[in-house]
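Listed below, chain by chain, are the residues.
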Amino acid sequence: MSATLAERPPVRHPADTDREEIARRLVAAAARRSFDPDTDIEWPDRVVDDHYYIPPERVSLYGTSLWDMLDETKRIALSRLEVASWAQAGIWFELILAQLLVRYAYDEDYTSQHTRWALTEIADECRHSAMFARMVEVLGGTELRPQTATITLGRLMKTMAHPAEGFAGILIAEELLDTFQREMMVDEALQPLTRAVARLHVIEEARHVKFAREELERRVKRLSPLQRQRVRMIIAAAAAVIAGALVHPGCYVAVGLDPGAARRAARASEHRQATLRWAAAKLVANFDELGLIGTGAARAIWRRAGLVA
Ligand SMILES: [Fe+2]
Ligand SMILES: [Fe+2]
């Protein structure tokens, strides 16, 4: 290397040292422990509805009068379809996330550990989305793709979100799913396939959550009060859309229920609301600490979505 190049002042700001170190550790952790879903999971050709795919109390209709009307076979089938629906909402969001990370890396120093990490995370998400798609193929329910309105709102998010909103959105999707999956991976009463997929995803997502939390915190500190207000409203809307996208109404149709009535029953269910608050608890505590939910209109959106009390 020529002296001129070697003496060139570093692109990185000194305050970025810690953040570079965290990214370096995450890249190293990914090199030590990453999975290939095609070979690290035992894939059955088909599944038999003899065990639940998620715990019954996490099925959206659990505890409602409609749940009481379903026999055990249909309850198990509904749990299978809800996993297929979550998985496709997962792919939808991972596609948004990959685009957010590409846009983020585009503005970074290309040789930084941050860019290396962003590329590693995108590679993780590519494997996850392919894994979710393969799982849906086995479980059935390929028609349970997020609805057009959801896809359109996601398009706005992935095209227009600022990095703070992007990382907040990443955390909403990752942490909601993570809470459900951490419970699933240790529940021996469940189907082996959904447990294995949950376990792989939880292990790799822990790194993503760590990175997104650090980046979000760093960026939130730089926001003006007005910008913070904008971020609050956008992420409240994102949280509502993501929570609403988890269970496609087609799941209910497939077990012989009226989709409108089933959706209303799930929304009105005390038990379902408690489940959503449980899934969002870590996320909400983190966002509250950062002042990202507030006490006004944004919190009302979170409340309407069933994510805060
Ligand atoms: Fe993922
Ligand atoms: Fe992720």
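These numbers were taken from a predicted model, which means no experiment stands behind them. (Residues numbered from 1 in each chain as written. Chains lettered and ligands numbered in written order. Predicted model: local features only at pLDDT ≥ 70, side-chain atom pairs only at ≥ 80, totals over all residues. Heavy atoms only, no water.)

Caption draft 1: Representation of the coordination of the iron ion (ligand 1) within the structure. Protein ligation of the iron ion (ligand 1) involves Glu-94 (OE), Glu-125 (OE), His-128 (ND1), His-201 (NE2) and Glu-205 (OE), the donor distances falling in the range 2.0 to 2.3 Å. Look at where the donors of the iron ion (ligand 1) fall in the sequence and you get E-x30-E-x2-H-x72-H-x3-E. Taken as an interatomic distance, the gap from the iron ion (ligand 1) to the iron ion (ligand 2) is 3.6 Å; Glu-125 donates to each of them. Of this pair, Glu-94 sits in helix 5 (residues 72–107) while His-128 sits in helix 6 (residues 113–139), and the two are 34 residues apart along the sequence. (Donors = N, O, S within 2.8 Å, 3.2 Å for Na, K, Ca; no water. Helix = DSSP H or I, 4+ residues; strand = E, 2+ residues; numbered from the N terminus.)

Caption draft 2: Quick look at the pattern of salt bridges. Summed over all chains, the structure comprises 20 salt bridges. Residues Arg-75 and Glu-72 are paired through a salt bridge, measuring 3.9 Å at the closest nitrogen-oxygen approach. With Arg-75 and Glu-72 both in helix 5 and three residues apart, this pair spans about one turn of that helix. Taking the shortest distance from any N to any O, the salt bridge between Asp-178 and Arg-182 comes out at 2.6 Å. Placement of both Asp-178 and Arg-182 in helix 8 (residues 163–185) is noted, with a separation of four residues, approximately one turn of the helix. (Salt bridge = Lys/Arg side-chain N within 4 Å of Asp/Glu carboxyl O.)

Caption draft 3: Molecular detail of the packing of helix 8 against helix 10 (residues 225–245). Contact pair helix 8 / helix 10: the axes reach a minimum separation of 10 Å and the direction vectors enclose 30°. Classified by the angle their axes make, helix 8 and helix 10 are roughly parallel. Seen along the crossing, helix 8 lies across helix 10 with a hand that is right-handed. Of the residues in helix 10, those touching helix 8 at Ala-164, Glu-165, Ala-168, Gly-169, Ile-172, Ala-173 and Leu-176 are Arg-230, Val-231, Ile-234, Ile-235, Ala-238, Ala-239 and Ile-242. When the residues that make up the contact of helix 8 with helix 10 are grouped by side-chain class, the tally is eleven nonpolar, one polar and two charged. (Axes fitted to C-alpha atoms, helices over the stretch in contact; angles between N-to-C directions. Parallel < 35°, antiparallel > 145°, perpendicular 65-115°, else oblique. Left-handed = near helix turned anticlockwise from the far one by under 90°. Contact = heavy atoms within 4.5 Å. Nonpolar A, V, L, I, M, F, W, Y, C, P; charged D, E, K, R; others polar.)

Caption draft 4: Structural detail: helix 13 (residues 270–289). Here helix 13 spans 26 Å end to end across 20 residues, near enough to the 28 Å set by a 1.5 Å rise per residue. Residue Ala-281 marks the point of greatest curvature in helix 13, where the axis turns by about 55°. Against helix 8, helix 9 (192–221), helix 10, helix 12 (259–268) and helix 14 (297–304) lie the buried residues of helix 13. For helix 13, the capping residue at the N-terminal end is Ser-269, with a side-chain oxygen 3.3 Å from the backbone nitrogen of His-271. (Expected span 1.5 Å × (residues − 1). Bend = angle between axes of the 7 residues up to and from the residue. Polar contact = N/O pair within 3.5 Å; in protein donor to acceptor, adjacent residues only side chain to side chain.)

Caption draft 5: Representation of the packing of helix 5 against helix 8 within the structure. At a minimum axis distance of 10 Å, the contact between helix 5 and helix 8 shows a crossing angle of 145°. Crossing handedness for the pair helix 5 and helix 8: left-handed. Contacts from Trp-86, Phe-93, Leu-97, Leu-100, Leu-101 and Tyr-104 in helix 5 reach Gly-166, Phe-167, Gly-169, Ile-170, Ala-173, Glu-174, Leu-177, Phe-180 and Met-184 in helix 8. Across the contact of helix 5 with helix 8, the residue classes tally to twelve nonpolar, two polar and one charged.

Caption draft 6: Local environment of a nonpolar patch on the surface. Together, Leu-153, Leu-156 and Met-160 line one region of the surface with nonpolar side chains, adding up to about 290 Å² of accessible area. Among the secondary structure elements, Leu-156 is positioned in helix 7 (residues 148–160). When its relative accessible area of 47% is taken as the criterion, Leu-156 is described as partly exposed. (Patch = residues over 30% accessible without salt bridge, like charges linked within 9 Å, V, L, I, M, F, W, Y side chains within 5 Å. Areas by Shrake-Rupley, 256 points an atom, 1.4 Å probe, with all protein chains shown as cover. Buried < 20%, exposed > 50% of the residue type's maximum accessible area, 1.4 Å probe, protein only.)

Caption draft 7: Structural detail: helix 9. The first and last C-alpha atoms of helix 9 sit 43 Å apart over 30 residues, in line with the 44 Å expected at 1.5 Å per residue. Of all the bends in helix 9, the greatest measures close to 30° and is centred on Glu-205.

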